[in-house]
Amino acid sequence: MTLMYDVVAHLPHRGLEAWKWSDLKSTVEARKPDGLSGPMRPALSTLDGMIIGETKPAEGSDPMTKMASILSGGATKITVPDGAQFDQPLVLRDLRQGNAQIVIEIGKGASLSVVEHHESDAGFVNLDLRYTVREGGSLSRTLISQDGNDVVRYARAHVTLWDGARFNQTLLTFGGAFTRLETRLACMGAVEVDMSGAYLLDGSRHADITHYIDFAAPGSTVRDTVAGVVTDKSRGVFQGKFHVRRPAQQTDAEMRHDALMLSDKAKINAKPELEIYADDVECAHGNTIGQLDEQSLFYMRQRGIPEGQARALLIEAFIAARLGENEDMLALVRDWLESRS
């Protein structure tokens with residue numbers, strides 16, 4: 001009981017600027033989910049040439065990292081040797097109740113694709129992922145979040161990129177009682193980054209996508225785009241920040257968030273930010289929140305397309321522009337649209 005009290009007492013809450021739209025503490029106090037103080041046992045695929053073992057949990061000053069460090073029972077470490085290439089992705093599953101740390105180190109000139117399945121029926125999840133991509137290496141990260149209505153999930157990925165590294169991320173979430181998917185990048189050299197994501201929320205679901213990109217060296221190129229759709233009484237949150245330090249000259253970075261509100265009871269909070277200390281950069285951010293284009297709907301209905309189908313097609317096109325050619329994700333989007341038709 002004392003441990004549980006200590007855990008809940010130190011959870012992030014709306015009084016903190018970075019958590020003002022996603023009150024984890026109040027959600028946990030109200031729902032009392034299982035798994036709050038226990039370890040998680042993730043399952044992962046094995047690839048020939050990859051080294052899998054255990055390591056000492058990483059420590060941090062924030063409460064969620066401390067929880068993962070203390071309550072995980074040890075961190076899983078995956079090492080990809082220099083120059084290694086794989087035909088298949090590393091798949092992470094069973095990211096269910098409890099706390100866990102996973103450390104993945106990608107060697108120089110190596111390449112790895114990771115597919116993360118964030119899926120649970122109920123409970124509390126605190127997952128701390130730590131990726132390091134050495135010089136000339138590449139990481140492709142695909143994250144799919146399909147939780148039940150009662151799941152409280154916090155998943156954060158720390159990604160450290162060294163000179164010449166490439167990072168691609170595609171994310172899709174349908175939210176939960178509370179979902180926060182946070183990605184924090186440290187660009188330690190001239191790197192290339194392409195991040196895209198989408199959230200589709202109904203009922204009273206909540207999803208928070210938070211991105212923080214820290215530029216510490218010159219010459220990086222970053223593209224970060226997120227799209228969202230909210231209806232019923234759901235709530236979507238996007239927070240994005242580019243922190244460009246003085247040495248990071250010739251940084252080229254763009255951030256964009258666009259969302260559709262399909263109900264007057266739904267909510268969207270968005271906060272794209274730039275904090276720039278270098279003077280030779282090209283950085284921009286944009287944010288739009290609106291409804292489906294009535295003129296496009298009218299045009300489609302005039303050609304015999306039923307209104308419900310027309311709306312679904314417009315929403316699919318809006319989301320597909322962010323998910324690219326990921327057919328698995330697009331199939332999930334279509335399933336979500338069909339479930340609401």
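Please read these numbers as outputs of a predicted model, since none were measured by experiment.

### Quick word on the domain arrangement of the protein
You can read the domains of the protein as domain 1 (2-291) and domain 2 (292-341). Here the C-alpha centre of domain 2 lies 27 Å away from the C-alpha centre of domain 1. In this complex, domain 1 contributes 26 residues to the contact, which on the side of domain 2 involves 13 residues. Summed over both partners, the interface of domain 1 with domain 2 buries about 1,700 Å², with 74% contributed by carbon and sulfur atoms. In terms of surface lost to domain 2, no three residues of domain 1 exceed Leu 172, Leu 200 and Leu 260, which account for 25% of the buried area on that side. Scanning the region where domain 1 abuts domain 2 turns up three salt bridges. With a closest N to O distance of 3.6 Å, Asp 202 and Arg 340 form a salt bridge. Joining domain 1 to domain 2, the criterion identifies four residue pairs in polar contact (both at pLDDT 80 or more).

### What to know about the packing of aromatic side chains
In total, this model carries two aromatic pairs according to the counting rule given. On the basis of an interplanar angle of 45° and a centroid distance of 5.4 Å, the ring pair of Trp 19 and Tyr 154 is categorised as tilted. Separated by 135 residues along the polypeptide, Trp 19 in the loop between helix H1 (2-9) and helix H2 (24-31) and Tyr 154 in strand E9 (residues 150-161) bring together distant segments of the chain. Its guanidinium or amino end placed over the ring of Tyr 212, Arg 184 lies 4.4 Å from that ring's centre, counting from NZ or CZ. Taking the ring centre of Tyr 299 as reference, the NZ or CZ of Arg 303 above it sits at 3.7 Å.

Parameters and conventions
Residues numbered from 1 in each chain as written. Predicted model: local features only at pLDDT ≥ 70, side-chain atom pairs only at ≥ 80, totals over all residues. Heavy atoms only, no water. Domains from an automatic or database assignment. Contact = heavy atoms within 4.5 Å. Buried area = accessible area lost by both parts, 1.4 Å probe. Salt bridge = Lys/Arg side-chain N within 4 Å of Asp/Glu carboxyl O. Polar contact = N/O pair within 3.5 Å; in protein donor to acceptor, adjacent residues only side chain to side chain. Phe/Tyr/Trp six-rings, centres within 6.5 Å; stacked < 30°, edge-to-face > 60°. Helix = DSSP H or I, 4+ residues; strand = E, 2+ residues; numbered from the N terminus. Lys NZ or Arg CZ within 6 Å of the ring centre and 35° of its normal.

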